[in-house]
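Fold and contact review
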Amino acid sequence: MITVKTREEFLSTIKEKLPPNPHCIELGVHQGHYSNLILNILEPTCLCLVDPWTPGHDKHGQVEFYPHWGDTPLQTAYSTNLDLDYVCRRFKSEIEEARVIVYKSFSYDAIYSFRDKSFDFIYIDACHIYEAVLWDLENYLPKLRAGGMLCGHDYVDHPSFGVIRAVDEFCEKYGFEMCILNTTFHFGGDWALIPKQQALPDRT
């Protein structure tokens, strides 16, 4: 497994393993900070951005607020329409060029908009409750092209999150393994999965 220390290094390592100008999707966008890195580093032909941009909770998460969060409760869907407006302004030219496509939707509703084997890079950063992460992993797996990478955020030991459990169980059940991990705790925890026995192609 390759370990990296920054989110930029994570994406740069991913880029070496993907085809040029990949098709990408990001689940959980907020204000598009990571979306901007994806655009600049991976240089995708198309980047689909999926987020409800309405405070609420993921129906698969079973709880409305993250447990053990602290004094200020945080809903499991916390982006707002103001965040959506910011994203649309931020990527105005890319949206006009159809290089960025915005889906104001929970991941479980948006999934019907995508054909199987549509994406080279799937990045899961939506609700971090165990059941929701596992649902996204299992249901977006058919959307991954052969040789693509199933990735996400916050594989960290945090009392509010179920990412580690969901990713580990998914790997065991579907025969995947982690090939790249950003080991930085703060603003890190990025992970990439590939099927076991699949050697990473050397595209350098």
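Residues numbered from 1 in each chain as written. Predicted model: local features only at pLDDT ≥ 70, side-chain atom pairs only at ≥ 80, totals over all residues. Heavy atoms only, no water.

**Concerning the overall build of the chain**
Put simply, the rule reads: Segments assigned H or I by DSSP are reported as helices when at least four residues long, segments assigned E as strands when at least two residues long, and all are numbered from the N terminus. Here the radius of gyration uses the C-alpha set of atoms, whereas the globule reference equals 2.2 Å times the residue count to the power 0.38. Relative accessibility under 20% of the residue-type maximum defines a buried residue, over 50% an exposed one, and the middle range a partly exposed one, all with a 1.4 Å probe and only protein chains included. Whether two residues are in contact is decided by their heavy atoms: any pair within 4.5 Å suffices. Accessible areas in this description were obtained via Shrake-Rupley with a 1.4 Å probe; residue shielding takes into account the shown protein chains only.
Of the regular secondary structure elements, the chain holds seven helices and eight strands. For 204 residues, the compact-globule estimate of 2.2 N^0.38 gives 17 Å, and the C-alpha radius of gyration of the chain, at 16 Å, lies within 12% of that figure. Across its three principal directions, the C-alpha atoms of the chain cover 45 × 40 × 30 Å. Expressed as a percentage of the 204 residues in the chain, the buried residues total 52%. For the chain, the share of sequence-separated contacts (at least 6 apart) that also reach a separation of at least 24 residues comes to 70%. In the structure as shown, the chain presents an accessible area of about 9,800 Å², 51% of it carried by carbon and sulfur atoms.

**Remarks on the state of the cysteines**
Just so we agree on the cut-off: Here, the term disulfide refers to a pair of cysteine sulfur atoms separated by no more than 2.5 Å.
In total, this model carries zero disulfides according to the counting rule given. The thiol of cysteine 127 is not disulfide-bonded; the next cysteine sulfur, from cysteine 171, is found 19 Å away. On the basis of relative accessible area, cysteine 127 is assigned to the buried category, the value being 4%.

**Topic: the environment of valine 87**
By secondary structure assignment, the location of valine 87 is in helix 3 (residues 81-90). A sequence separation of 54 residues divides valine 87 from histidine 33, and the C-alpha atoms of the two residues are 9.0 Å apart. Dropping the residues within four chain positions of it, valine 87 is found in contact with Val29, His30, Gln31, Gly32, Leu49, Trp53 and Ile95.

**Describing the sheet that holds strand 8 (residues 191-195)**
Our working rule: Between any two strands, at least two bridges found by DSSP are needed for them to pair. For every element, the axis is a line fit to its C-alpha atoms; helices are fit only across the contacting stretch, and the angle between N-to-C directions ranges from 0 to 180 degrees.
The sheet built from eight strands is open, its strands ordered 1-7-8-6-5-2-3-4 with mixed pairing. Pairing within the sheet leaves two strands with one partner each, and these edge strands are strand 1 (2-4) and strand 4 (100-104). Neighbouring strand axes in the sheet, compared pairwise and without regard to direction, differ in orientation by 20° on average. Pairing analysis gives four bridges linking strand 2 (residues 23-27) to strand 5 (residues 119-124), with the strands arranged parallel. What sits directly across from cysteine 24, in strand 5, is phenylalanine 121. Against the sheet, helix 2 (residues 33-42) touches strand 2, strand 3 (46-51), strand 4 and strand 5, its axis set at about 165° to strand 2.

**Thoughts on the nonpolar core**
Let me state the cut-off plainly: Nine residue types can take part in a nonpolar core, namely buried Ala, Val, Leu, Ile, Met, Phe, Trp, Tyr and Cys, and a core is a set of them joined through side-chain atoms within 4.5 Å.
With 42 residues, the main nonpolar core has Ile25, Phe114, Leu137, Tyr140, Val167, Trp191 and Leu193 as its most contacted residues. Take this core: its biggest share by element is seven residues, from helix 6 (residues 130-140). Sequence-distant contacts of isoleucine 25, defined by excluding residues within four places in its chain, comprise Leu47, Cys48, Val50, Phe114, Phe119, Phe121, Ile122, Tyr123 and Tyr140. In terms of nonpolar packing, the next biggest core, distinct from the first, is built from 28 residues, Ile14, Ile38, Phe91 and Met149 among them.

**With respect to the side chain of serine 79**
Position of serine 79 relative to the elements: it lies in the loop between strand 3 and helix 3. Beyond its immediate chain neighbours, meaning those up to four positions away, serine 79 contacts His30, Asp51, Trp53, Thr54 and Pro55.

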